[in-house]
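Each chain, written out:
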Amino acid sequence: MTLEQLQTQFEAFKAKKLSLDMSRGKPSAAQLDLSNELLDTVTSNDYLSSTGAETRNYGGLDGLPATKQLFKDFLEVSSVEEVVIGGNASLTIMHDIISRGITHGMCDSYQPWGKEKIKFICPVPGYDRHFSICEHFGIDMIPVACTEDGPDMDVVEKLVANDSSIKGIWIVPKYSNPTGLSCSDEVVNRLSMMNTAAEDFRIFWDNAYAVHHLSEDQDQLKNILTTCKEFGNDNRPFILCSTSKITFAGAGVAAVGGSTDNMDWYRKHLFISTIGPDKLNQERHNRFFKNIEGLYEHMKKHAALLKPRFVKTLSILEEELGGTNLATWTKPKGGYFISFNVPEGCAKRVVALSAEAGVKLTGAGATYPYKKDPKNSNIRLAPSCPTIDEIEQAMRIVCLATKIAALEMKAS
Ligand code: PLP
């Protein structure tokens, strides 16, 4: 088709004055409804924990025993000592760990991170909020490209071996934001065993999508803490998770796992910043799930809502752009996102054209440190919120915008 013909199609879409949104990586209203009964599990005359603990008062710094047990299983750590239950957001835990690293240092630091200019490795494309934390604290970000198996380990190993100011790496190990891909066993091994010039190097293992499979065909990952321990690097990983995309986003329960030394260090700092967490919400979650099996069962209901949305998004991409050599995209088995790569130099134009026709997309560049995608090529697609019909319309527009942007570039 010529550019003129595509533009005629585009004008027809514009005339519909649509308002569609493929940018929001959050649960749909129907997904939130799946957890409504959680709100009724704790009532005005039934609120004590299973061990009789008072949930309405201070105390229980690192979580109710049953919540710690639930998250021990979720995080796949070996004891409840290796778990601390947080507040409503894993992002807050990540922020606080780094903040305390800067002011006080890690449990094995010889000086606080803030005494030197430190750096983090940022696999790209990645999660913008990780990059915002680094930017906020003035941590230099080193982008490293992702392969289908996780970050390019040849590059990561060289960097960390030679520079003691590199203190951390962000990893979304399973169904990553935004690629939807997972780390292979080899990547888990290499991250666990690699030599780091910094003795207090940390992996921020953000397992936000640990149980967010779309079907029975699931990615299974090697256990990062056990593997790090095998190589004598017990303190290397902090493992993060939350129920934000399991129960209620913003009103769930977050947790962190890691070596006992790491967790004791975290408990020590937590003792200063809080007198106790929200145990009522922990108890709601304990009662709602009962155990990890209950949580896994609950995730199947999410999958039933999410899978058709992913299938629709991928089928329109294939129909419109398959075999054109214009774009590539990931085909995740779980998570919330599809990573869509348009011709180099075109991502911003595709996002702008889509917006003109009524489709909101995540800003081009958002998946890179400092919001700068050097190739201006990556776009994050989030299919969880729109209806199937909305996805159909939105994706037709995104694909049309891609074809127009590519032809415009060729013509220029
Ligand atoms: N980590 C990743 C990779 C995410 O995609 C998100 C949310 O989109 C979060 C963390 C935020 O989690 P929480 O709500 O627990 O802070």
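Cut-off values and rules
Residues numbered from 1 in each chain as written. Predicted model: local features only at pLDDT ≥ 70, side-chain atom pairs only at ≥ 80, totals over all residues. Near = placed C-beta within 6 Å. Nonpolar A, V, L, I, M, F, W, Y, C, P; charged D, E, K, R; others polar. Pairing = 2+ DSSP bridges. Helix = DSSP H or I, 4+ residues; strand = E, 2+ residues; numbered from the N terminus. Buried ≥ 20, exposed ≤ 12 C-beta atoms within 10 Å, placed from the backbone. Contact = placed C-beta atoms within 7 Å. Domains from an automatic or database assignment. Right-handed = clockwise from strand over helix to strand, strands pointing away.

(A) How the structure looks around the site of the ligand. Every residue lining the ligand is accounted for by Gly-25, Ala-89, Ser-90, Leu-91, Tyr-127, Val-172, Asn-177, Asp-206, Ala-208, Ser-242, Ser-244 and Ala-254. The residue makeup of the shell around the ligand, split by class, is six nonpolar, five polar and one charged.

(B) View of the sheet that holds strand 10 (residues 328-329). Sheet architecture is open: three strands sit in the order 10-11-13, paired in antiparallel fashion. Taken across any chain shown, the strands that pair with only one partner, and hence form the sheet edges, are strand 10 and strand 13 (378-381). As judged from the two bridges shared by strand 10 and strand 11 (residues 338-341), these two strands associate in the antiparallel manner. Looking across to strand 11, one finds that Thr-328 is bridged to Asn-341.

(C) Local environment of helix 10 (residues 279-289). Counted residue by residue, helix 10 has nine buried out of eleven residues, so it is predominantly covered. Of the surrounding secondary structure, the elements contacted by the buried residues of helix 10 are helix 3 (65-75), strand 2 (83-85) and helix 11 (292-321). Lys-290, located one to two residues past helix 10, shows a positive phi value of around 70°.

(D) Focus on the domain arrangement of the chain. Assigned domains within the chain: domain 1 (3-25 + 300-411) and domain 2 (46-295). Taken together, the 22 residues of domain 1 in the interface contact 26 residues of domain 2. The greatest single-element share of the side of domain 1 that touches domain 2, amounting to five residues, is contributed by helix 11. Across the side of domain 1 that touches domain 2, the residue classes break down as eleven nonpolar, eight polar and three charged.

(E) Focus on helix 12 (residues 347-356). Taken together, the buried positions of helix 12 are occupied by Ala-347, Arg-349, Val-350, Val-351, Leu-353 and Ser-354. Packed against the buried residues of helix 12 are strand 12 (359-360), strand 13 and helix 13 (388-411). Within two residues after helix 12, Gly-358 carries a phi angle of roughly 95°, on the positive side.

(F) Main features of the sheet that holds strand 8 (residues 237-242). Spatially, eight strands are ordered 2-9-8-7-6-3-4-5 in an open sheet, and the strand pairing comes out mixed. Since the sheet does not close on itself, it has two edges, and those belong to strand 2 and strand 5 (150-151), each with one partner. Both strand 4 (residues 140-147) and strand 5 contribute to a ladder of two bridges, which runs antiparallel. Within the sheet, the bridge partner assigned to Thr-147 lies in strand 5 and is Gly-150.

(G) Geometry of the pairing of strand 7 (residues 202-206). Among the five residues of strand 7, five are classified as buried, and the element is accordingly described as predominantly covered. Burial along strand 7 is two-sided: Arg-202, Phe-204 and Asp-206 and Ile-203 and Trp-205, pointing in opposite directions, are all buried. Pairing between strand 6 (residues 166-171) and strand 7: four bridges, direction parallel. Residue Gly-168 lies in a different strand from strand 7, and its bridge partner there is Arg-202. Following the backbone out of strand 6, through helix 7 (residues 185-193) and into the adjacent parallel strand 7, one traces a crossover that is right-handed.

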